[in-house]
Amino acid sequence: MALMSLAVAALAGCGAPPGLGEPTGVPTPAAAPTTSGPSTAPVTPPATAPSLGTITPTPDAGVVATPCRNGPSGQRVVQLLRGRAGVLPGNVRVQVHTGPLCAGDWQFTVLEVTGHEELQVVTRGEPSAPVLVTAGTDVCTIEVRATSPAGIRTLACDAGPAAGPGA
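Residues numbered from 1 in each chain as written. Predicted model: local features only at pLDDT ≥ 70, side-chain atom pairs only at ≥ 80, totals over all residues. Heavy atoms only, no water.

Caption draft 1: View of helix α4 (residues 150-158). Among the residues of α4, those classed as buried are Gly151, Ile152, Ala156 and Cys157. Tucked into the core, α4 has its buried residues touching β2 (94-103), β3 (106-113), β4 (119-124) and α3 (142-147). (Buried < 20%, exposed > 50% of the residue type's maximum accessible area, 1.4 Å probe, protein only. Helix = DSSP H or I, 4+ residues; strand = E, 2+ residues; numbered from the N terminus. Contact = heavy atoms within 4.5 Å.)

Quick look at the structure:
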């Protein structure tokens, strides 16, 4: 223990090794001057929201499917399915059960087909000339999932396939 005390005392008397002393030529930071008077910073008035006036925000038309105001009519959808699409033969009785419901330029319709399951129909495009996207008991296709507005996707994919007779 005495030997250790002697070594510590010997090293303590040596001072700092060369080059580890206070740096020369480097300015030391000076304290910032303090003022005892009031601050001279300009006062900025609080920010206020601009007046909205007559502007009313509208929800995105594609988020929720709503009854189509400008068409197509249910009858127009049935004509499309009986025509070139060839989905419905001319001799079956068809009634519109739901819709058409619109979200963006997409439409969703549910048809009651006598003697068959309900038929879900997804169309898109101009109300006067809708284009068939898909029709069936499960219309949640890749195209509908990937490109349709949320309102149509919810009806076509989240509701599940249409329940038919005896289901």
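Caption draft 2: Representation of the nonpolar core within the structure. One finds Trp106, Phe108, Val122, Val144, Ile152 and Ala156 to be the most contacted residues of the largest nonpolar core, which totals 13 residues. Of all elements in the fold, only β2, β3 and α4 reach the threshold of two or more residues within this core. With residues up to four places along the chain from it excluded, the contact list for Val122 reads Trp106, Gln107, Phe108, Val131, Leu132, Val133, Thr134, Val139, Val144, Ile152 and Ala156. (Core = buried A, V, L, I, M, F, W, Y, C linked by side-chain atoms within 4.5 Å.)

Caption draft 3: Local environment of the state of the cysteines. As enumerated under the stated definition, the model contains two disulfides in all. Each sulfur of the disulfide joining Cys68 and Cys102 lies 1.8 Å from the other. Where Cys68 bonds to Cys102 through sulfur, the torsion about that S-S bond is close to 105°, and the disulfide is right-handed. With Cys68 in the loop between β1 (66-67) and α2 (74-82) and Cys102 in strand β2, this pair connects stretches of sequence that are 34 residues apart. Across the pair, exposure class does not vary: Cys68 and Cys102 are buried alike. Sequence-ordered numbering of the disulfide-bonded cysteines in the chain gives the connectivity 1-2, 3-4. (Disulfide = S-S within 2.5 Å.)

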